[in-house]
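The primary structure of each chain is shown beneath.
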Amino acid sequence: MSNGSQEIIVVGGGPGGYVAAIRAAQLGGKVTLIEKSKLGGTCLNVGCIPTKVLLHSADLLAEAQHANEFGINVSVNGFDWKKVLKKKDGVSSQLVNGINGLMKANKIKVINGTAEFISSKTLSIKKADGTQETLSGGKIILATGSVPAIPPIPGVKDNEHCIDSTGALSLTEVPKSLVVIGGGVIGVEFASIYSQFGTKVTIIEALPKLLPLMEGELTAQLRAKLEKNGIDIYTEAKVQSVESSSVGAKVNVEYKGEVINFEAEKVLVAVGRRANTESLKLEKANIGNDRGRIQVNERMETNVKNIYAIGDCLGQVMLAHVASVQGEIAAENAMGLDAFYNGKTVPSCVYTNPEFAGVGLTEEKAKEEEIEYVTGNFPLMANGKALIMNGGEGMVKVIVGKEYKEVLGVHILGPRATDIIAECALAIGMEATIEDLIETIHAHPTLTEAVREAALATEKRAIHAFNK
Ligand code: NAD
């Protein structure tokens, strides 16, 4: 049973916090949300949404440049960067206003201020208007998110040409050249965006491959595609230092036993994010944490009774959709229900051109865990819709258990991969077998047919590709 008179205090108004606040209000809680900046957090203001607007503009430009192939006479007259930025800000504001409206509709009190613990039951709020307020007695859900990690590379911190992802979203001009330190999600997304706007992009990644946690076979294909688009990629490359240069900055890199350097107008530092918990003063409430990363159980409870934590501030899987689900779970538990987080259906999505998405085990992980498996690959060249949309670049790869044929993982490189992956997450969540995917009739012509064909390929019976 839920507890209708329960007071709930949510700290942080991103996709974790605002969702937690709404869910608690739905269950009858008296909810206060504290946010120091704008509602919507990183995702809506300086993360997922604005990045996707830039990507959409870049994709439109690329489509317009190739429209002649489809018989459409378009002469592309470059782009207006100010308008691109205006569109980005407009979409973010519209969504943030929507969240403000949802707060009002759900009777959630929003306080614009910064919260810190003064004990395990009391928060002190320094409000934006200069006043101060103390809140006690409620259950507390911490959802303070993450901030870009600045690596201890000499010369990075003080160089005005070194930017983080927030800076990369508000450059007043498209740089002629950009070095990206870190070939993770943020690195490849911005590399993809800016190279489409004409920037000469170089990615420097310390590990042997881009997107180290994604399926290797598809990562290699994405790398080839990015290189074909003119991006230079150096893996197993270690950035030693950054210094000023007449162009902007010079990045010194140890690569294959030599030191080489790259000059660029801007250097995007994208080597990860860290939990944003310093201002909370966790120690005053004795909340268990590992270097600022709050520790929780699967009910999203911290070690302190009545205090929950969710999303990026846990320092684990830093994804908006994970934060939102964890927010619902924390709110339900705080309101007296019994909910558990299970991450096995979390899709990983990379918004490059083409898109890249995966759920469940990669082949590398299956090997590492000594699981007996078979794979099925289907090239998008043989899928009519993909051929129309992007020339058929990409692939679907399905990984299934050898004995019971249960779906263990699905990985997609290609148009709309990030949408198609939902079907695959459902399959994994429902412990579907390959027969379940095959028996489901997929509409023609769609990209989803490639998932069924890859499932067929695990039994060497794909129809539109030769089964080796
Ligand atoms: P990341 O962990 O995805 O990638 C960082 C990369 O930098 C890694 O590949 C790492 O090996 C490399 N690296 C670290 N130190 C380096 C060095 N000194 N020199 C060269 N390479 C170095 O981190 P990110 O890309 O900064 O993203 C941060 C978080 O934000 C991630 O958790 C990510 O999942 C999340 N995010 C997700 C999306 C999405 O889901 N589409 C988009 C943006 C960000």
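Residues numbered from 1 in each chain as written. Predicted model: local features only at pLDDT ≥ 70, side-chain atom pairs only at ≥ 80, totals over all residues. Heavy atoms only, no water.

Engineer: Before we move on, can you summarise the overall build of the protein with the specific residues and values?
Structural biologist: A count of helical and extended segments in the protein gives 13 helices and 24 strands. Taken over C-alpha atoms, the radius of gyration comes to 24 Å for the protein, in line with the 23 Å a tight globule of 468 residues would show. Each of the three principal axes of the protein carries a C-alpha extent, and together these read 65 × 60 × 50 Å. The buried share of the protein, taken over its 468 residues, is 51%. Within the protein, contacts between residues at least 6 apart in sequence are counted, and of these 62% link residues at least 24 apart. When the accessible surface of the protein is summed, it comes to about 22300 Å², and 52% of that surface belongs to carbon and sulfur atoms. Charged side chains in the protein number 48 positive and 54 negative. The centres of these two groups are separated by 6 Å. (Helix = DSSP H or I, 4+ residues; strand = E, 2+ residues; numbered from the N terminus. Rg over C-alpha atoms; globule rule 2.2 N^0.38 Å. Buried < 20%, exposed > 50% of the residue type's maximum accessible area, 1.4 Å probe, protein only. Contact = heavy atoms within 4.5 Å. Areas by Shrake-Rupley, 256 points an atom, 1.4 Å probe, with all protein chains shown as cover. Lys, Arg positive; Asp, Glu negative; His and termini not counted. Charge placed at Lys NZ, Arg CZ, Asp CG, Glu CD.)

Engineer: Help me get a handle on helix H1 (residues 17-26), residues and values and all.
Structural biologist: Counted residue by residue, H1 has 8 buried out of 10 residues, so it is predominantly covered. Residues Gly17, Tyr18, Val19, Ala20, Ala21, Ile22, Ala24 and Ala25 constitute the buried set of H1. Buried residues belonging to H1 abut strand S1 (7-11), strand S2 (30-35), helix H4 (81-105), strand S6 (139-142) and helix H8 (320-334). Looking one or two residues past H1, Gly28 carries a phi angle of roughly 95 degrees, positive in sign.

Engineer: Tell me about the domain arrangement of the protein, and name the residues and values.
Structural biologist: Split by domain assignment, the protein resolves into domain 1 (7-148 + 274-343), domain 2 (162-271) and domain 3 (354-457). One C-alpha centre belongs to domain 1, the other to domain 2, and the line joining them spans 28 Å. Contact residues are listed per partner, giving 18 residues for domain 1 and 15 residues for domain 2. Carbon and sulfur atoms make up 69% of the surface buried where domain 1 meets domain 2, a total of about 1400 Å² over both sides. Counting the contacts that link domain 1 with domain 2 gives 1 salt bridge. One salt bridge connects Glu189 with Lys52, and the closest N-O pair in it is separated by 3.2 Å. Linking domain 1 with domain 2 are 4 residue pairs in polar contact (both at pLDDT 80 or more), by the criterion used here. When residues of the side of domain 1 that touches domain 2 are traced back to their parent elements, those giving at least two are helix H3 (48-65) and H4. Per element, the largest residue contribution to the side of domain 1 that touches domain 2 is 10 residues, and it comes from H3. Residues that form the side of domain 1 that touches domain 2 fall into these classes: 12 nonpolar, 3 polar and 3 charged. (Domains from an automatic or database assignment. Buried area = accessible area lost by both parts, 1.4 Å probe. Salt bridge = Lys/Arg side-chain N within 4 Å of Asp/Glu carboxyl O. Polar contact = N/O pair within 3.5 Å; in protein donor to acceptor, adjacent residues only side chain to side chain. Nonpolar A, V, L, I, M, F, W, Y, C, P; charged D, E, K, R; others polar.)

Engineer: Tell me about the pattern of salt bridges, and please be specific about residues and values.
Structural biologist: Opposite charge on two side chains permits them to pair, given that their charged atoms come into close proximity. This model, assessed by the stated rule, comprises 26 salt bridges. Between Asp89 and Lys88 there is a salt bridge, and its shortest N-O distance comes to 3.0 Å. Across the salt bridge formed by Glu431 and Lys344, the nearest N and O atoms sit 3.3 Å from each other. Placement of Glu431 in the loop between helix H11 (417-429) and helix H12 (434-439) and of Lys344 in the loop between H8 and strand S20 (348-350) is noted, with a sequence separation of 87 residues between them. Using a relative accessible area of 58% as the deciding quantity, one classes Glu431 as exposed. Taken together, the salt bridges that share partners define one network made up of Glu215, Glu217, Glu363, Lys367 and Lys397.

Engineer: Which residues make up helix H7 (residues 216-228), and what values go with them?
Structural biologist: Here H7 contains 13 residues, and its C-alpha end-to-end distance of 18 Å stays within 8% of the 18 Å for a straight helix at 1.5 Å per residue. Residues Gly216, Leu218, Thr219, Leu222, Lys225 and Leu226 constitute the buried set of H7. Tucked inside the fold, the buried residues of H7 contact helix H6 (185-196), strand S11 (232-234), strand S21 (356-360), helix H9 (363-368), strand S23 (395-401) and strand S24 (407-413). In the segment just after H7, Gly230 is the residue with positive phi, at about 100 degrees. (Expected span 1.5 Å × (residues − 1).)

Engineer: Please set out unusual backbone geometry residue by residue, giving values where relevant.
Structural biologist: Working note: non-glycine residues mostly have negative phi, and peptide bonds are mostly trans. The peptide bond linking Asn353 to Pro354 adopts the cis configuration, its omega dihedral lying at 5 degrees. Mapped onto the elements of the fold, Pro354 is located in the loop between S20 and S21. With omega at -5 degrees, the peptide bond leading from His444 into Pro445 counts as cis. Secondary-structure assignment places Pro445 in the loop between H12 and helix H13 (449-457). Positive phi, close to 65 degrees, is recorded for Met300, a residue that is not glycine.

Engineer: Which residues make up the site of the ligand, and what are the values?
Structural biologist: The full set close to the ligand counts 20 residues, and Ile186, Glu189, Glu205, Gly272 and Cys349 are the nearest of them. At 3.2 Å, a backbone N or O of Val185 approaches an oxygen atom of the ligand. At a separation of 2.9 Å, a nitrogen atom of the ligand approaches a polar side-chain atom of Glu189. Contact with the protein chains hides 76% of the accessible area of the ligand, taken as 840 Å² for the molecule alone. Here the residues of the shell around the ligand sort into 14 nonpolar, 3 polar and 3 charged. (Near = heavy atom within 4 Å.)

Engineer: Kindly report on empty space enclosed by the protein, identifying the contributing residues and their values.
Structural biologist: If you walk through the whole model with that rule in mind, you get 1 cavity of 30 Å³ or more. In this structure, the largest cavity spans a volume of roughly 40 Å³. Lining the largest cavity we find Pro148, Ala149, Asp164, Ser165, Ile186, Val269, Ala270, Val271 and Gly272. Broken down by class, the residue content of the lining of the largest cavity amounts to 6 nonpolar, 2 polar and 1 charged. (1 Å grid on protein atoms, 1.4 Å probe; cavity = no way out; pocket = protein on both sides within 12 Å on 5 of 7 lines; lining within 4 Å. Points joined across faces, edges and corners; volume = space filled by probe spheres on them.)

Engineer: With reference to specific residues and values, describe the nonpolar core.
Structural biologist: Counting 51 residues, the largest nonpolar core has Phe117, Ile141, Leu142, Ile287 and Ile294 as its most contacted members. The element contributing the most residues to this core is H1, with 7 residues. Filtering out sequence-adjacent residues up to four positions away, Phe117 remains in contact with Thr122, Leu123, Ile140, Leu142, Leu280, Lys281, Leu282, Lys284, Ala285, Ile287 and Ile307. Ranked by size, the runner-up nonpolar core spans 36 residues in total, among them Leu54, Ala168, Leu171 and Leu268. (Core = buried A, V, L, I, M, F, W, Y, C linked by side-chain atoms within 4.5 Å.)

Engineer: How would you explain the side chain of Asn159 if you had to name every residue and give the values?
Structural biologist: Along the polypeptide, Asn159 turns up in the loop between strand S7 (146-148) and strand S8 (162-163). Assessed through its relative accessible area of 7%, Asn159 is described here as buried. From its side chain, Asn159 meets the backbone nitrogen of His161 in a polar contact 2.8 Å long.

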